[in-house]
Amino acid sequence: MSIVTLIGAGQMASALTFPLFENGHEVRLVGSPLDDGVIDRLRQDNYHVNLLRTLHEGIHYYKNAERGQALEGAELVVCGVSSFGVDWFGDEVLPALDERVPVISVTKGMLDLEDGTMLTYPEYWKKKLPEESRLKLYAIGGPCTARDLADHDPSFVGYCGPDMDILRWIRSLFATDYYIISLTKDVAGLECAVALKNGYALGTALAVGMAEKAGDDGIDHHNSEAALFQQSVKEMLELLRIVGGGMDNIMYAAGDLNVTVAAGRSRTVGLLLGKGLPMEEVLRRLKGQTLEAVVIATRTARAVKALAKAGKVQESDFPLLMHVNALLNEGAELNIPWKEFQKEM
């Protein structure tokens with residue numbers, strides 16, 4: 001049995017308590033500064049008010065103020081914050097951790113630098129740590145929604161990080177017959193792949209909104225959605241090449257794209273834009289919700305523009321991304337550039 005402390009009581013971190021607990025480990029779930037209400041309810045009856053599932057009896061719950069107690073004796077720390085908690089985790093949590101204890105993150109996303117460099121969160125956190133730090137950072141990517149995992153729907157993901165032996169040990173803590181894990185040392189490839197899918201899920205979901213706006217004539221049409229899906233994969237593959245990631249990681253981007261287009265906030269933003277609503281109205285309707293797809297699409301487009309200005313890429317190789325960015329940030333009207341998808345290869 002190992003002691004695993006998950007910091008951030010978000011949906012995915014909370015869903016990960018299922019395989020951990022069922023594998024016989026001591027599971028400690030710590031709320032972020034915003035999770036006190038979630039922890040209060042979990043302490044009552046193990047019900048997670050956001051995941052909408054009841055966690056196993058026997059999990060230990062802590063508020064952020066009790067984080068030090070939850071970390072005592074921990075053999076693995078899991079970062080379970082959303083992308084909007086990245087700086088809090090890097091500034092407040094990482095410096096207080098035992099450097100001998102590995103950290104694995106479920107947080108998906110990336111940052112862009114002025115020169116167009118796309119930076120994964122493990123890379124970003126590493127830059128925040130002192131040069132002499134021996135703390136090792138790992139990450140989780142792939143198509144896995146929290147409620148499906150909690151319901152034991154078979155899920156296939158990737159774990160990445162610098163040390164394959166530690167990755168194998170971490171996998172041994174989580175792996176079950178319904179939670180399947182591949183391993184890779186390609187952190188940039190896996191993490192960028194699963195970050196990119198949010199923006200492209202928004203782009204692919206434009207077709208869903210267009211279909212709804214057109215009305216139901218009794219026939220389900222899928223060609224337009226498939227066209228946007230495959231163009232998304234093509235553009236993501238090129239972005240993986242730019243960051244130096246292994247091309248095999250496109251399977252995680254494609255799988256995650258499929259899951260995200262099926263449901264969630266990224267789909268909703270794309271659907272509303274696909275119906276012809278301006279971004280201001282979309283933001284009004286979704287006020288208060290975390291819209292990671294908007295953030296990642298904006299950052300990716302900004303990176304591509306910077307790289308294009310430096311002569312390293314051509315914006316014309318990313319027509320879907322550029323149109324999504326125009327919808328989000330430039331007040332453009334929906335007009336998917338279908339002809340620009342055509343290539344001679």
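See the structure above.
My aim in this report is to walk through the structure given alongside it, one point at a time. (Residues numbered from 1 in each chain as written. Predicted model: local features only at pLDDT ≥ 70, side-chain atom pairs only at ≥ 80, totals over all residues. Heavy atoms only, no water.)

### Describing unusual backbone geometry
Negative phi is the rule for most residues except glycine; trans is the rule for most peptide bonds. The criterion, for reference: Per the convention used, a helix needs a DSSP run of H or I reaching at least four residues, while a strand needs a run of E reaching at least two, with both numbered from the N terminus.
Unlike most non-glycine residues, Asn46 shows phi in positive territory, near 70°. Relative to the assigned elements, Asn46 resides in the loop between α3 (36-45) and β3 (47-48). Although it is not a glycine, Leu52 adopts a positive phi angle of roughly 65°. You can see Leu52 is positioned in the loop between β3 and β4 (53-54).

### Describing the pattern of salt bridges
Rule in force here: Whenever a carboxyl oxygen of Asp or Glu lies within 4 Å of a side-chain nitrogen of Lys or Arg, that contact is scored as a salt bridge. Remark: exposure states derive from per-residue accessible area (1.4 Å probe, protein chains only) relative to the maximum for the residue type, with buried under 20%, exposed over 50%, and partly exposed in between.
Summed over all chains, the structure comprises 20 salt bridges. Measuring nitrogen to oxygen at the nearest pair gives 2.8 Å for the salt bridge that ties Asp112 to Arg302. Of this pair, Asp112 sits in strand β8 (residues 110-112) while Arg302 is found in helix α15 (residues 292-309), placing the two residues 190 residues apart along the sequence. Under the relative-accessibility criterion, Asp112 is labelled buried at 15%. Take Arg302: its relative accessible area is 43%, and that puts it in the partly exposed class. Across the pair Glu238 and Arg241 runs a salt bridge whose closest N-O atoms are separated by 2.5 Å.

### Notes on the environment of Phe18
Worth spelling out the cut-off: Note on definitions: a residue-residue contact is assigned when non-hydrogen atoms from the two residues lie within 4.5 Å.
Tracing the backbone through its elements, the reader meets Phe18 in helix α2 (residues 17-22). When the C-alpha positions of Phe18 and His56 are compared, they lie 7.2 Å apart, and in sequence the two are 38 residues distant. What Phe18 contacts, discounting residues up to four positions off in sequence, is Leu51, Thr54, Leu55, His56, Ala150, His152 and Tyr178.

### Considerations on the sheet that holds strand β2 (residues 26-30)
As a reminder, the rule being used: Pairs of strands are assigned from DSSP output, requiring at least two bridges between the strands. The axes are straight lines fitted to the C-alpha atoms, using for helices just the contacting stretch, and the angles between their N-to-C directions are given from 0 to 180°.
Here we have eight strands laid out as an open sheet, ordered β5-β2-β1-β6-β7-β10-β11-β12, and mixed in their pairing. Whereas interior strands pair on both sides, the edge strands pair on one side only; in this sheet they are β5 (60-62) and β12 (179-184). Adjacent strand axes in the sheet meet at a mean angle of 25° when their direction is disregarded. Taken together, the five bridges between strand β1 (residues 3-7) and β2 define a ladder with parallel strand orientation. Within β2, the residue paired with Leu6 across the bridge is Leu29.

### Comments concerning the environment of Gly209
Along the chain, the position of Gly209 falls in helix α10 (residues 206-214). Sequence separation between Gly209 and Leu273 is 64 residues; the distance between their C-alpha atoms is 6.9 Å. In contact with Gly209, not counting residues within four places along its chain, are Leu271, Gly274 and Lys275.

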